[in-house]
Amino acid sequence: MWFIILSLVLIVPNALSEFRFDNYALYKIILKDVDQVNFLKSLRDSDARFDFWNDPVALSSYVNVLTSPKDRNEFENILKSKDVEFEISTENIQDAIDREVIKTYTRGNIKSMTWDGYYNLSSINAWIDDLAATYPEVVEVITGGTTYEDRAIKGLKISHGEGRRAIFLEGGIHSREWISPATVTYITNELLTNDNEDIKAAAQGFDWYIFPVTNPDGYIWSFENARMWRKNRRPVGEHVGVDLNRNWDNNWMVVGASSNPARDDYAGTAPFSEPETKSLSEFLASIGDKIDMYLSFHSYGQMLLIPFGNTTAPLANYHDARNIGARGMGALSVKYGTLYRTGTIAETICK
Ligand SMILES: *[C@@H]1O[C@H](CO)[C@@H](O)[C@H](O)[C@H]1NC(C)=O
Ligand SMILES: *[C@@H]1O[C@H](CO)[C@@H](O)[C@H](O)[C@H]1NC(C)=O
Ligand SMILES: [Zn+2]
């Protein structure tokens, strides 16, 4: 059973960027009918200047699009020519970036990791090492693979003994989605520290393989250079980066991906053309027959997506997957009031 969680919060952080987003505007576009949805889809696919933060789909009531100051007029004219309703939700996205909080982690003090701000890659990696030192019986540091810039994809395994089935958690494959690693580290912390009987049972009943940042090069780039960086950092011709989430050897380039290296959803030259996906997939294959559940965390949108992404035909255990997912999302809404939709891509995104 494989799930993708789209996490909801977007709190944008304090990049020390050489590349700034001054006066970039975030538009909120209200889609009224299928024609407008299709128009926005074709605009997204044909014009890389407009950065779509979520996909134009009829079911979601709006899409957010980031536009540079020089393209704003043209963008508004395009929308007006099709009678598409829009409002400007943020005049200057750099203000929001400047308000993001980047926190300091103190090596050797796991209590200095909190969840009211974001941490850089070396802090997250140091925290993982500190967890292994604090819980030596239970936590093991693992390496899921290697990046283009030769960094380790560092993670941890939580295991309370031999013979357990496995759950795999993966975050940060799209580097700019900082809430994703933060969510994965939050869950990790709960599994290790929460005294609730249900949480302890989940923590102890499975082997947990957890990789908070599966695109380390991109994550660093999003901190130090371009806050909105989504891909890895491998140069491809005059462009840089492959969308690692579009590079897996499963229905490669079938839907929702691009063959244009200028784009943010560029799928790469071939399935597993990227060191990150190739090495992580080899790690996965080495434990593959143990895995009961795989969760990939993204932002943003409030959806739990279950397989398959390429067809409306359900997977063999579709009803179980959907029921488990719906119960999980129900528990979330009871606790936080957030409503997540559960289903396949065909059911949730394309409707
Ligand atoms: C990451 O953050 C820590 C503090 O939490 C800081 O000491 C360190 O210099 C930062 N690393 C980089 C590469 O910016
Ligand atoms: C969808 O992907 C699954 C998993 O790779 C594959 O078994 C199935 O044949 C694909 N279906 C279609 C319609 O492409
Ligand atoms: Zn994503």
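A few points on the structure. Please read these numbers as outputs of a predicted model, since none were measured by experiment.

### Here's the deal with the coordination of the zinc ion (ligand 3)
1) Next: Surrounding the zinc ion (ligand 3) are the protein donor atoms His174 (ND1), Glu177 (OE), Glu177 (OE) and His298 (ND1), which sit 2.0 to 2.4 Å from the metal.
2) Next: Bound by four donor atoms, the zinc ion (ligand 3) shows angles of 57 to 156 degrees at the metal and therefore irregular coordination geometry.
3) Next: One chain supplies every donor for the zinc ion (ligand 3), spaced along it as H-x2-E-x120-H. Of the two residues, His174 sits in the loop between β8 (166-171) and α5 (179-193) while His298 sits in strand β12 (residues 291-299), which places them 124 residues apart along the sequence. Across this residue pair, the class does not change: His174 and His298 are buried.

### Observations concerning the site of ligand 2
1) Next: Around ligand 2 sit Asn250, Asn251, Phe308, Asn310 and Thr311, and those are all the residues in its vicinity.
2) Next: Taking Asn250, its side chain carries an N or O atom lying 3.0 Å from an oxygen atom of ligand 2.
3) Next: A distance of 2.9 Å is found between an oxygen atom of ligand 2 and a side-chain nitrogen or oxygen belonging to Asn251.
4) Next: Protein coverage of the free-state accessible area of ligand 2, which is 370 Å², stands at 45%.

### Section: the packing of aromatic side chains
Within a pair of aromatic rings, the relevant descriptors are the distance that separates the centres and the angle that separates the planes.
1) Next: For the structure on display, the rule yields 18 aromatic pairs.
2) Next: Taken together, a centroid distance of 4.7 Å and an interplanar angle of 40 degrees make the contact between Phe50 and Phe75 tilted. One end of the pair, Phe50, is in the loop between α1 (34-46) and β3 (51-52); the other, Phe75, is in helix α2 (residues 72-81), and 25 residues separate them in sequence.
3) Next: Aromatic side chains Tyr219 and Phe223 sit 4.8 Å apart centroid to centroid with 55 degrees between the ring planes, which places their arrangement in the tilted category. Of this pair, Tyr219 and Phe223 both sit in helix α7 (residues 216-224), four residues apart, roughly one helical turn. Across the pair, exposure class does not vary: Tyr219 and Phe223 are buried alike.
4) Next: Among the aromatic residues, those joined into a ring-pair cluster are Phe168, Tyr209, Phe211, Phe283 and Tyr294.
5) Next: The side chain of Lys28 reaches across the aromatic face of Tyr62, ending 4.3 Å from its centre.
6) Next: Lying over the aromatic face of Trp229, Arg233 brings its terminal NZ or CZ to 4.7 Å of the ring centre.

### Observations regarding empty space enclosed by the protein
Think of a ball as big as a water molecule: rolled over the atoms, this probe shows where empty space is left.
1) Next: For the structure on display, the rule yields three cavities of 30 Å³ or more.
2) Next: The leading source of residues in the lining of the largest cavity is α5, at three residues.
3) Next: Across the lining of the largest cavity, the residue classes break down as nine nonpolar, three polar and no charged.

### Quick word on the site of ligand 1
1) Next: The environment of ligand 1 is made up of Lys103, Thr104, Tyr105, Asn120, Ser122, Ser123 and Glu224.
2) Next: With respect to ligand 1, the backbone of Tyr105 contributes an N or O atom lying 2.7 Å from an oxygen atom.
3) Next: Contact distances for ligand 1 include 2.4 Å between an oxygen atom and a side-chain N or O atom of Asn120.
4) Next: Contact with the protein chains hides 45% of the accessible area of ligand 1, taken as 360 Å² for the molecule alone.
5) Next: Here the residues of the shell around ligand 1 are counted per class, giving one nonpolar, four polar and two charged.

### Details of the pairing of strand β9 (residues 207-211)
1) Next: Burial analysis of β9 places five of its five residues in the buried class, the great majority of the element.
2) Next: Side chains of β9 alternate between two faces, with Asp207, Tyr209 and Phe211 and Trp208 and Ile210 buried alike.
3) Next: Where strand β7 (residues 152-158) lies against β9, three bridges are found, and the strand directions are antiparallel. Across the sheet, Ile158 pairs through a bridge with Trp208, a residue of β9.
4) Next: When β8 meets β9, the two strands line up parallel, connected through five bridges.

### Side note on the side chain of Glu76
1) Next: Relative to the elements of secondary structure, Glu76 occurs in helix α2.
2) Next: Since its relative accessible area comes to 16%, Glu76 is described here as buried.
3) Next: A polar contact of 2.5 Å, which involves the side chain of Glu76, links it to the side chain of Tyr27.
4) Next: Sequence-distant contacts of Glu76, that is, excluding residues within four places in its chain, are made with Tyr27, Phe86 and Ile88.

### Some points on the sheet that holds strand β4 (residues 62-67)
1) Next: Read from one edge to the other, the open sheet built from four strands follows the order β3-β4-β2-β5, with strand pairing classed as antiparallel. Strands at the two margins of the open sheet, each flanked by one partner only, are β3 and β5 (85-90).
2) Next: Here β3 pairs with β4 via two bridges, running antiparallel. For Asp51, the partnering residue across the bridge sits in β4 and is Leu66.
3) Next: Lying on the sheet, α2 is in contact with β2 (25-30), β4 and β5; it crosses β2 at an angle near 5 degrees.

### A look at the pairing of strand β14 (residues 341-344)
1) Next: Here four bridges tie strand β13 (residues 303-306) to β14, and the two strands are oriented parallel to one another. From the neighbouring strand, Leu304 faces β14, where its bridge partner is Thr342.
2) Next: Following the backbone out of β13, through helix α9 (residues 318-336) and into the adjacent parallel β14, one traces a crossover that is right-handed.

### What to know about the pattern of salt bridges
1) Next: For the coordinates displayed, the defined rule picks out 27 salt bridges.
2) Next: In this structure, Arg44 engages Asp55 in a salt bridge whose closest nitrogen and oxygen atoms are separated by 2.6 Å. Of this pair, Arg44 sits in helix α1 while Asp55 sits in the loop between β3 and β4, and the two are eleven residues apart along the sequence.
3) Next: When its relative accessible area of 35% is taken as the criterion, Asp55 is described as partly exposed.

Cut-offs used in this document
Per chain, residues are indexed from 1 in the order of the written sequence. Naming scheme: in the order in which they are written, chains are lettered from A and ligands are numbered from 1. Local features in this predicted model are restricted to residues of pLDDT 70 or higher, and side-chain atom pairs are both shown and tallied only at a pLDDT of 80 or more, whereas totals for entire chains, interfaces and linings draw on every residue. Remark: hydrogens and water are excluded; side-chain values derive from all non-hydrogen atoms of the structure. Counted as donors are the N, O and S atoms within 2.8 Å of the metal, or 3.2 Å for Na, K and Ca, while water is not among the atoms, so some sites may look incomplete. A four-donor site is classed as tetrahedral when every donor-metal-donor angle falls between 85 and 135 degrees; four donors are called square planar, and six octahedral, when trans pairs exceed 155 degrees and all remaining angles lie between 65 and 115, with any other arrangement labelled irregular. Only DSSP runs of H or I with at least four residues qualify as helices, and only runs of E with at least two residues qualify as strands; both kinds are numbered from the N terminus onward. For every residue, the accessible area obtained with a 1.4 Å probe (protein chains only) is divided by the maximum for its type, and the residue is called buried under 20%, exposed over 50%, and partly exposed between those limits. Whether a residue is near a molecule or strand is decided by its heavy atoms; if any one of them lies within 4 Å of it, the residue is near. Side-chain atoms alone can form a polar contact between residues adjacent in sequence; in general such a contact is a pair of N or O atoms within 3.5 Å, and within protein one must be able to donate a hydrogen while the other accepts it. The Shrake-Rupley method, run with a 1.4 Å probe, gives the accessible areas here. Residue values count only the displayed protein chains as cover. Ring pairs are drawn from Phe, Tyr and Trp, using the six-membered ring of Trp, whenever the two centres fall within 6.5 Å, and their geometry is named by plane angle: stacked under 30 degrees, edge-to-face over 60, tilted for the rest. Look at NZ for Lys and CZ for Arg. If either is within 6 Å of the ring centre and within 35 degrees of the ring normal, a charge sits over the ring. Detection works on a 1 Å grid of protein atoms alone, calling trapped sets that fit a 1.4 Å probe cavities and calling open sets with protein on both sides within 12 Å along at least five of seven lines pockets, with lining residues defined by an atom within 4 Å of a point. Grid points are joined across faces, edges and corners, and a volume is the space filled by probe spheres set on the points. Residue polarity is assigned by list, with Asp, Glu, Lys and Arg as charged and Ala, Val, Leu, Ile, Met, Phe, Trp, Tyr, Cys and Pro as nonpolar; anything else, Gly included, falls into the polar class. Strands qualify as paired when DSSP identifies two bridges or more between them. Whether two residues are in contact is decided by their heavy atoms: any pair within 4.5 Å suffices. Orientation is described by axes fitted as lines to C-alpha atoms, over the contacting stretch for helices, and by angles from 0 to 180 degrees between their N-to-C directions. Place the viewer so that the strands point away; then a crossover is right-handed whenever the path from the first strand over the helix to the second strand goes clockwise. In what follows, salt bridge is the name for a side-chain nitrogen of Lys or Arg lying within 4 Å of a carboxyl oxygen of Asp or Glu.

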